[in-house]
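Breakdown of the fold
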Amino acid sequence: GLVLVFIGPLYRPSGWRVATVNMLGLLATAFIALAADVTAAAAAVATADPFGQRCRCVPAADGTLPPCWTEADWDGLNRSIGGRLKGRDSLLLPSEATGNRSLLNDFDYLTSQPGFTFWRGYSGSWDQRTARSEYAVLAESIADIQATVRFAALHRLRLVVKGTGHSFQGRSSAAGSLLLWTHRLRNTQWHERLEVCGKEYEHPVVVAAGSQFMQTHEEARRRGRMEIGGLCPSVGFSGFASGGGHGIFSRSYGTGASSIIQAEVVLANGSLVLATPCNEFADLLRAVRGGGGGTFGVIVSLTYRTFEQPRSVGTIQAQMAVSDLTEMSLVTQEFLNSLRENVMSKGMLQHLGGNLVLQPLLKRITLRMAYVGISSSECAALFSNMTNHMKVDCVPAKSWIDVAVLNKTQLGSMANGRWLSFMNRYFTESVFDTEQSTATFSNGIKRIFELNPRRLEGEHSQLHIMLHWGLSGASDTALQNFTHTSMNPAVAESVGVIMWERMLPDTFFLAGKEESQSTHAQMQEDEARTLAWTDQFLGEGAGSNLNIAGFSGPGWQRRFWGSNYPFLLQAKDKYDPQGLFFCSNCVGSDRWTPDGNCRMPLI
């Protein structure tokens, strides 16, 4: 016979509520079991949550206190952390906090406030206006972090961790959550030499959870050192490096994940551990090296590898106008053919990073790259016959910082915008095999633009061919260090990624506009067709970069981590068995409802 097993919440408090699972969506798969399995199924339901429930406490509209805790509990937490607990009314959005237009797309400002996120949201997935925390802890010490984690675990809260709020998927935001804001933990400690597990590192830096690259890049430069960081200087170490982290010089020096020497982490039980390559937490260290932030615990510090400042570095610049998509595709193919013949065949790809930016709405193609470890004349020789359409200039720079990050002018138009679609996929050297293969690749990119007609006046769309987000042709150092990470192994065989982005800029919303339901539905269809087409022309097995990714549908476990996902899931179960740390498309998140509030049934 067949039986139905009820797996909903055991009680529903007034005011605040225990979030409920969408039972209609789960009945077909969760409520039916063979009679012989009744005992096992019932036991799985009963033991899935040590509190006897499958769902977290989240607030209802009227905000009354639940029986999950009392006001005295919150007062006790606040006292234990020195009064650094803030309520929802203190967690303002950028538009509520200031009338200064210039601040609304200033990335320094946007990352310096606990209630802010760098983006307004991702259409159809999350919105900063609704994904608002009820409380926030403005942590200033490890003890603050430990107290917050223990409190969240004890009272079954939806906990989110945020350093700078750059996540495209809104992983550091959730409605009704307790926000642990680590931004104030920004101290750094530089070592002349440091020995870890019998290996000596020169000039490593220990960075606290809230440290950003715009802070440490200058510290490194003064010491004659460089570090691997993101193109956006306001990005934080913890999220960047734990998510893999490709810098513009990664092909020469390695990824952000491979730059992590050791990590201090607060686990779900509130304990503080130091994970090194040779202690009992070596598996945790490997998980942190690419498994994603906000997943295995709260990173409170990273010991980060630095490198001798390169003696020769500079920019590679070119721009040209294109009349239509057909010309854009032809120029793209010409660039790829020249890259194969003039750069890849000579083993020089490890000295280059950057991207080719395709912007048909603006009728232009822009080459924004950098060189390292070769002279400007050597760079110029590589690009002397790059294309018949573009004149490429190799310009020496005074410092690696001048080419490793984008400036505020380049980034300002994107800050505080809303993503409509975002996707990236790795591509391999097979793209460069023949002129036919480069033509197929270029036409595949052309098709992406054709599948995304302009729906709204003012929307931006562009595609990047990112040539530093892969390690094919990388230095021996970069490849060797990569093996100690938990990133997708496909990265080692990839030349780079294509990154498609479509967004509504801040100016669209400042004009009082919003996308209509019908337009939103059209864009959702555009995105679905784009993902299907990309799988068709690059292959369903093509991986994706974790940090810079949209909502790419099923199979994200394989796309982000490949064969490393089973290891990461094992680490998740070991260090966070109850799933206190949840974020969208993060390790183990498929065991929860999309909002992270209720466990999916065990079948």
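Here the structure is a predicted model, which is why all the values come from computation and not from measurement.

For the rest of this paragraph, the subject is the overall build of the protein. When its secondary structure is counted, the protein shows 20 helices and 26 strands. Here the protein, with 603 residues, has 60% of them falling under the buried criterion. Across the protein, contacts joining residues at least 24 apart in sequence account for 76% of those joining residues at least 6 apart. Working note: accessible area of the protein is about 23,500 Å², and carbon and sulfur atoms make up 51% of it.

Another point: the packing of aromatic side chains. Geometrically, a pair of aromatic rings is defined through the distance of the ring centres and the angle of the planes. Summed over all chains, the structure comprises 25 aromatic pairs. With 4.5 Å between their ring centres and 45° between their planes, F168 and F422 make a pair best called tilted. Of this pair, F168 sits in the loop between β9 (159-162) and β10 (178-181) while F422 sits in strand β24 (residues 418-428), and the two are 254 residues apart along the sequence. Residue F168 shares its accessibility class with F422, and that shared class is buried. Seen from their ring centres, F560 and W561 are 5.6 Å apart, and the 80° between their planes marks the pair as edge-to-face. Of the two residues, F560 and W561, neither departs from the other in class, the shared state being buried.

The biggest cluster of nonpolar side chains holds 75 residues, and the ones touching the most others in it are I228, F249, L284, V288, L302, Y304 and W561. When residues of this core are assigned to their parent elements, the largest contribution, five residues, is made by helix α20 (residues 565-575). Beyond its immediate sequence surroundings of up to four residues, W561 is in contact with G290, G291, S486, M487, N488, P489, L546, W556, L568, N585, C586 and V587. Counting 44 residues, the second-largest nonpolar core is a separate cluster that includes V322, F335, M344 and I374.

This part takes up helix α6 (residues 142-154). With 13 residues, α6 should cover 18 Å at 1.5 Å per step; its first-to-last C-alpha distance of 18 Å lies within 8% of that length. Residues of α6 that are buried include every one of D144, I145, Q146, T148, V149, F151 and A152, and no others. Where α6 terminates, the next one or two residues include R156, which has phi positive at roughly 55°.

Another aspect to go through is helix α7 (residues 213-222). Three or more residues of α7 are buried, namely F213, Q215, T216, H217, E219 and A220. On the buried face of α7, the contacting elements are β11 (188-190), β14 (205-208), β15 (225-226), α8 (237-242), β18 (298-304) and α13 (401-404).

The next thing to look at is the sheet that holds strand β17 (residues 272-275). Pairing is antiparallel in the open sheet, where five strands are placed in the order β11-β14-β18-β16-β17. Each of the sheet's edge strands pairs with one partner strand only, and the pair in question is β11 and β17. Strand after strand, the sheet turns through a mean of 15° between neighbouring axes, direction not considered. In the packing of α7 onto the sheet, the strands contacted are β11, β14 and β18, and the crossing angle to β11 comes to about 20°.

Before going further, it helps to examine the pattern of salt bridges. Between side chains of opposite charge, pairing is possible as soon as their charged atoms come close. Counted by the stated rule, this structure contains 24 salt bridges. Note that R502 is salt-bridged to D526, the shortest N-O span being 3.0 Å. With a gap of 24 residues between them, R502 in strand β26 (residues 494-504) and D526 in helix α18 (residues 517-538) connect regions that are remote in the sequence. Owing to a relative accessible area of 1%, R502 belongs among the buried residues under this scheme. The residue D535 makes a salt bridge to R559 at a minimum N-O spacing of 2.7 Å. Placement of D535 in helix α18 and of R559 in helix α19 (residues 556-561) is noted, with a sequence separation of 24 residues between them. Like D535, the residue R559 is buried in the burial classification. What emerges from the salt-bridge pattern is a single network uniting D127, R129, R418, E514 and E515.

As enumerated under the stated definition, the model contains five disulfides in all. In this model, C55 is linked to C598 through a disulfide, with the two sulfur atoms separated by 2.1 Å. Across the S-S bond of C55 and C598 the torsion is about 115°, and the bridge reads as right-handed. In this pair, C55 is assigned in the loop between α2 (38-47) and β4 (57-58) and C598 in the segment after α20, connecting sequence segments 543 residues apart. Each member of the pair C55 and C598 is classed as buried. Paired by a disulfide, C379 and C394 hold their sulfur atoms 2.1 Å apart. Handedness here is read from the sign of the S-S torsion; for C379 and C394, about -65°, the answer is left-handed. Taken together, the residues span a long stretch of sequence, with C379 in helix α12 (residues 376-383) and C394 in strand β23 (residues 393-396) at a distance of 15 residues. Owing to a relative accessible area of 0%, C379 belongs among the buried residues under this scheme. In the protein, the bonded cysteines, taken in the order they occur along the sequence, pair up as 1-10, 2-3, 4-5, 6-7, 8-9.

Criteria and cut-off values
Residues numbered from 1 in each chain as written. Predicted model: local features only at pLDDT ≥ 70, side-chain atom pairs only at ≥ 80, totals over all residues. Heavy atoms only, no water. Helix = DSSP H or I, 4+ residues; strand = E, 2+ residues; numbered from the N terminus. Buried < 20%, exposed > 50% of the residue type's maximum accessible area, 1.4 Å probe, protein only. Contact = heavy atoms within 4.5 Å. Areas by Shrake-Rupley, 256 points an atom, 1.4 Å probe, with all protein chains shown as cover. Phe/Tyr/Trp six-rings, centres within 6.5 Å; stacked < 30°, edge-to-face > 60°. Core = buried A, V, L, I, M, F, W, Y, C linked by side-chain atoms within 4.5 Å. Expected span 1.5 Å × (residues − 1). Pairing = 2+ DSSP bridges. Axes fitted to C-alpha atoms, helices over the stretch in contact; angles between N-to-C directions. Salt bridge = Lys/Arg side-chain N within 4 Å of Asp/Glu carboxyl O. Disulfide = S-S within 2.5 Å.

Just distances and angles here, no functional claims.
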